[in-house]
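Breakdown of the fold
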There are 2 protein chains.
Amino acid sequence: MLQLRDLPTTEVLSKFAQRYPQADISAISTFLYLLRVATDLSVSLDECLSRHGLLQGRWWVLILLMREDSSTSTPSALSEKAGVARATMTGLLDGLERDGLVTRIFDPNDRRRVSIQLTTAGQAKLDTVMPDYYRRLSLCMAGVSEPARTQLRQILQIINAGMDAFTDQ
Amino acid sequence: MLQLRDLPTTEVLSKFAQRYPQADISAISTFLYLLRVATDLSVSLDECLSRHGLLQGRWWVLILLMREDSSTSTPSALSEKAGVARATMTGLLDGLERDGLVTRIFDPNDRRRVSIQLTTAGQAKLDTVMPDYYRRLSLCMAGVSEPARTQLRQILQIINAGMDAFTDQ
DNA sequence: TTGACATAGTTAGTCAACTAACTATAATGT
DNA sequence: ACATTATAGTTAGTTGACTAACTATGTCAA
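Residues numbered from 1 in each chain as written. Chains lettered and ligands numbered in written order. Predicted model: local features only at pLDDT ≥ 70, side-chain atom pairs only at ≥ 80, totals over all residues.

Thoughts on the relation of the copies chain A and chain B
For these two chains of identical sequence, chain A goes onto chain B by a turn of 180° and a shift of 0.0 Å along the axis, with RMSD 0.0 Å. Within this description, the copies of the chain are treated as partners about a two-fold rotation axis. A high fraction, 100%, of the interface residues of chain A reappear at the interface in chain B, so the copies pair face to face through one surface. (Least-squares fit on C-alpha atoms with pLDDT ≥ 70 in both. Contact = placed C-beta atoms within 7 Å.)

Here it is, written out as structure tokens:
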């Protein structure tokens, strides 16, 4: 993942703004900083998960399964919820099944379908990963007060709503 | 890129918090929402850039070159500033050189070094991409007031400072 | 009731990132 | 002065995403 180590200074942005008058300097620096902190967070999270033999994709699948009352779902439902292509999910599940964290159960009623079930080992893996993850996440966010968290979510919602500006036309 | 389409509801988080008492629900939902908005932004940005035949990696290299007074840099400096491995930079530069957007110039003084120079075509490419990018970015951020932008940056700084919680020990 | 379409999952091939190892060159310390 | 170490860039091979195409199965309407 690209990591934007060298964000533009205000001077650099001013220089660019001379050539490109559309530039809104505070918008740009806020936007880039948001991208940067988030990718750094994502890399740190992966680093934390990899100590448990997981990465975000595989970890997320386990969590999605645990959310279900039956600890069971299907590859296509999982791929939609995780936001990856169905083919990608096949690969993630191959890995998780190889490690014994999930099992494929073939559906006798609809022979196209496969049930994916969290195994005891999979649940046990979550029971070691999640406390570690939650503890670290609390520490990371400890400096952000409750009102600041609410405000952050509100601002992110506004940005989220404006996002189609990048894809319109 | 994993896209977290299905963020946990408060109910799901409460259920998880019963099993894992370390869970700080507001911290988790704020953190996940931050990750989600940022990855969605990154995907949208790529979509915008790909209309111009670029993706974030290649685009970022062109910008880094334009920042230099000489429109020139070296592969290793670029790889550090872009936060990618040197080997990755070789690939990005191969693509950009193939498209005529940069040229490699071999340094006669230090024969290990190569200068990477933005070509006229590369500058022209930026001159079409950047106005489009800046215009869309302004629109995307238009709903966020100046004080809110400042506050967002401040909150992100706090999160950024707490990030080693994920990697400590 | 069967032909057309839809759905589920996998396979094959591509892409852009990575690490490790390599070549070539330069700098340094004994 | 020359052996060692450091630096610059590339190559080779791996990984985990992607799309497109395929197989198998199910659904539905004429």
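Remarks on the sheet that holds strand E2 (residues 102-106) of chain A
All names here are of chain A. The antiparallel open sheet is built from three strands, whose spatial order is E1-E3-E2. Edge positions in the sheet fall to strand E1 (72-73) and E2, since each of these pairs with one other strand and no more. Here E1 pairs with strand E3 (residues 114-118) via two bridges, running antiparallel. Residue pairing for E3: Ser-73 is matched across the bridge by Ile-116. (Pairing = 2+ DSSP bridges. Helix = DSSP H or I, 4+ residues; strand = E, 2+ residues; numbered from the N terminus.)

With respect to the interface of chain A and chain B
Taken together, the contact between chain A and chain B spans 66 residues of the former and 66 residues of the latter. Every element with two or more residues in the side of chain A that touches chain B is listed here: helix H2 (25-50), helix H3 (56-67), helix H4 (75-82), helix H6 (120-141) and helix H7 (146-162) of chain A. The dominant element in the side of chain A that touches chain B, judged by the number of residues it contributes, is H2(A), at 17 residues. Grouping the constituent residues of the side of chain A that touches chain B by class yields 38 nonpolar, 15 polar and 13 charged. (Nonpolar A, V, L, I, M, F, W, Y, C, P; charged D, E, K, R; others polar.)

Re the protein's contact with DNA strand C
Close to DNA strand C lie 22 residues; A:Ser76, A:Ala87, B:Gly57, B:Ala87 and B:Thr88 are nearest. When contributions to the surface near DNA strand C are tallied by element, the ones reaching two or more residues are H4 and helix H5 (86-98) of chain A together with helix H5 (86-98) of chain B. Of the residues belonging to the surface near DNA strand C, the class tally is 10 nonpolar, six polar and six charged. (Near = placed C-beta within 6 Å.)

Quick notes on the sheet that holds strand E2 (residues 102-106) of chain B
One open sheet accounts for three strands, arranged E1-E3-E2 (chain B); its pairing is antiparallel. The sheet is open, and its two borders are formed by strand E1 (72-73) and E2 of chain B, each paired with just one other strand.

Brief notes about the nonpolar core
One finds A:Ala38, A:Val61, B:Ala38 and B:Val61 to be the most contacted residues of the largest nonpolar core, which totals 84 residues. The contact partners of A:Val61, leaving out residues within four places of it in the chain, are A:Leu78, A:Ala82, A:Leu92 and A:Leu96. (Core = buried A, V, L, I, M, F, W, Y, C linked by C-beta atoms within 7 Å. Buried ≥ 20, exposed ≤ 12 C-beta atoms within 10 Å, placed from the backbone.)

Examining the environment of B:Leu35
Relative to the helices and strands, B:Leu35 resides in helix H2 (residues 25-50). Given 20 C-beta atoms within a 10 Å radius, B:Leu35 is considered buried. Filtering out sequence-adjacent residues up to four positions away, B:Leu35 remains in contact with A:Ala38, A:Leu41, A:Ser42 and B:Leu4.

Side note on the pairing of strand E3 (residues 114-118) of chain B
When E2(B) meets E3(B), the two strands line up antiparallel, connected through five bridges. Bridge pairing in E3(B) links B:Arg104 to B:Ile116.

Concerning H5(A)
Residues and elements named next belong to chain A. Helix length check: H5 (13 residues) gives 18 Å between terminal C-alpha atoms against 18 Å at 1.5 Å per residue, within 8%. Along H5, the positions that sit buried rather than exposed are Met-89, Leu-92, Leu-93 and Leu-96. Along the axis of H5, the buried positions cluster into a sector of 100°, meaning they face one direction only. Exposed residues pointing more than 90 degrees away from the buried face of H5 are listed as Ala-87, Thr-90, Asp-94 and Arg-98. Turning to H5, the residues buried within the fold contact H3, H4, E2 and E3. Directly after H5, the chain includes Gly-100, whose backbone phi takes a positive value near 75°. (Expected span 1.5 Å × (residues − 1). Arc of directions from axis to C-beta.)

So far we have only geometry, and geometry alone does not tell us how the molecule works.
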